[in-house]
Amino acid sequence: MQELRIGVLGFGVVGRGVVELLLTQGELLRQRTGVVLRLVRIATRTPARDRGLPLGEVELTDDLQRVVSADDIDVVVELIGGLEPARSLLMTALQSGKHVVTANKALLALYGHELFPLAAARQRELLFEAAVAGAIPIIKVLRESLAANRIDQLYGILNGTCNYILTEMREQGSPFAEVLRDAQAKGFAEADPSFDVDGIDAAHKLAILAAISFGSYPDFQQIHIEGIRHVSDIDIQWATEMGYRIKLLGIAKQDEGRVELRVQPTMVPVGSMVASVEGVYNAVFVRGHAAGTTMYHGRGAGERPTASSVVADLIDLARSSRAGCGGRVAPFSMLPEALQQFPLRQTDDWRGEYYLRLAVADRPGVLAEVTQVLARQQISIDAIHQKGRSAVAAVPLIMVTHATSERQIRLALAEMEQLDAVQETPRFIRIEPNVV
Ligand SMILES: NC(=O)c1ccc[n+]([C@@H]2O[C@H](COP(=O)([O-])OP(=O)(O)OC[C@H]3O[C@@H](n4cnc5c(N)ncnc54)[C@H](OP(=O)(O)O)[C@@H]3O)[C@@H](O)[C@H]2O)c1
């Protein structure tokens, strides 16, 4: 029977899951592909560490070159993460004529423009289902199942750590810092959580999803990124009171030939499906011109969920090699010559409804001063809320606007910050009333 000889780089969370699936599901994989998916070698920094798996004949080494340049490997599975040495290793693997499967979204978002053309030039596959949203097969959906559609909008909850923190903040009524500490203790957040809570991880994934949706190489620099550090428990309480949930959304929109790419905390109606995605779960919503909106929900990380997607890519490779039809689907669902850079809509030109939170002195006339600023910027107000009284401390003043441009919102908030009565930097959160 035909074989696909596999070398794995990295034996951490995902590496372990992949190795376990390959070693325990051999029969199922054979029945599904007609190919033996044979794990030949694993290279990792500390091979001596026990991972609790009987490896049998599989070779374990700390020499990464023995995977990327070896003659007895057909496909390299990269699961070490980070930019270097992952980037150089994958270049070597592709140059040595190997296919590559990776879960490394950071690498693809930043160096996809180098790696994908190299793979095409060498007529090798570079597959990456596990790089976005763990177990959710969103890459295959966008590249294949929805290929007949012009995608005009895609949004999703792409980071389970942030979704877990926001869910806990609401359920426990606790502030961000306390929930983050608890998430770290439970293993739901890294010791250095900045990639997650500052929105960078979600942006890496959004870059990849936008590239497939709109037909371009991923360009991380084009994304507007805000994380969740500034979301306060007060915002979460007010959101609940007004019928919203706050979610860290990655949003990609295309209209009138322009594209908008952003990762930011967003208020969504409490009855929407996206609001119901809680805890560590991820979800992606795609609006295609023919299919309408479809939703994909599941575990966005973890050993087995992520390994499931890595091995799905290996299955695709095995099937293609058996059928002799490699390169059937282009990485971004478009032939390389059809890829283009999309012009961006600038932050200032975004239009939408906004939630504004000010901390103001509790004295007569303050509301009039604030609303005059809004009037000067031609921002019309849908609702104003002020609760609580205090002779000494600032009290929150909450406002919700009708649709306006982000330029006007930023100008208004800058002006408000100069008012004597405004005692903290004003905050705003974008509202997306029309999500599904
Ligand atoms: N964890 C998830 O749920 C998840 C979900 C989706 C995507 N991903 C992506 O999958 C990739 C792997 O993530 P992970 O969570 O499995 O990471 P991890 O648990 O930190 O494992 C990384 C592995 O790579 C090895 N490694 C790291 N740097 C190395 C180097 N310079 N040389 C040799 N070995 C090195 C480590 O070695 P030793 O253990 O031998 O010291 C470890 O086994 C990342 O790109 C990540 O973004 C992860």
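Residues numbered from 1 in each chain as written. Predicted model: local features only at pLDDT ≥ 70, side-chain atom pairs only at ≥ 80, totals over all residues.

Counting buried positions over the eight residues of strand β2 (residues 36-43) gives six, a clear majority of the element. Where strand β1 (residues 3-9) and β2 come together, seven bridges link them in parallel fashion. The residue of β2 that forms the bridge with L4 is L37. Relative to strand β3 (residues 59-61), β2 is paired through three bridges, and the arrangement is parallel. When the sheet's bridge partners are listed, A43 is paired in β3 with T61. (Buried ≥ 20, exposed ≤ 12 C-beta atoms within 10 Å, placed from the backbone. Helix = DSSP H or I, 4+ residues; strand = E, 2+ residues; numbered from the N terminus. Pairing = 2+ DSSP bridges.)

Turning our attention to the sheet that holds strand β5 (residues 99-102). A sheet is described by the order of its strands in space; here six strands give the open sequence β3-β2-β1-β4-β5-β6, paired in parallel fashion. Looking along the sheet, the strands with just one partner apiece sit at the ends: β3 and β6 (126-127). Those strands touched by helix α12 (residues 303-323) are β1, β2, β4 (75-78), β5 and β6, and its axis lies near 150° from that of β1. (Contact = placed C-beta atoms within 7 Å. Axes fitted to C-alpha atoms, helices over the stretch in contact; angles between N-to-C directions.)

Right, let's talk about the site of the ligand for a bit. Taken together, 23 residues form the shell around the ligand, and within it G10, G12, G81, A103 and A301 come nearest. When residues in the shell around the ligand are grouped by element, the largest group, three residues, is from helix α1 (residues 13-24). Within the shell around the ligand, the residues separate by chemical class into ten nonpolar, ten polar and three charged. (Near = placed C-beta within 6 Å. Nonpolar A, V, L, I, M, F, W, Y, C, P; charged D, E, K, R; others polar.)

Membership of the largest hydrophobic core comes to 134 residues, with the highest contact counts inside it found for V18 and L206. Ranked by the residues each element gives to this core, the list is headed by helix α10 (residues 200-214), at ten residues. Not counting the four nearest positions on each side in its chain, L206 is found in contact with L158, I223, G250, A252, L261 and V263. (Core = buried A, V, L, I, M, F, W, Y, C linked by C-beta atoms within 7 Å.)

The domains assigned to the protein chain are domain 1 (3-132 + 303-330), domain 2 (138-299) and domain 3 (350-431). For domain 1 versus domain 3, the separation of C-alpha centres amounts to 52 Å. (Domains from an automatic or database assignment.)

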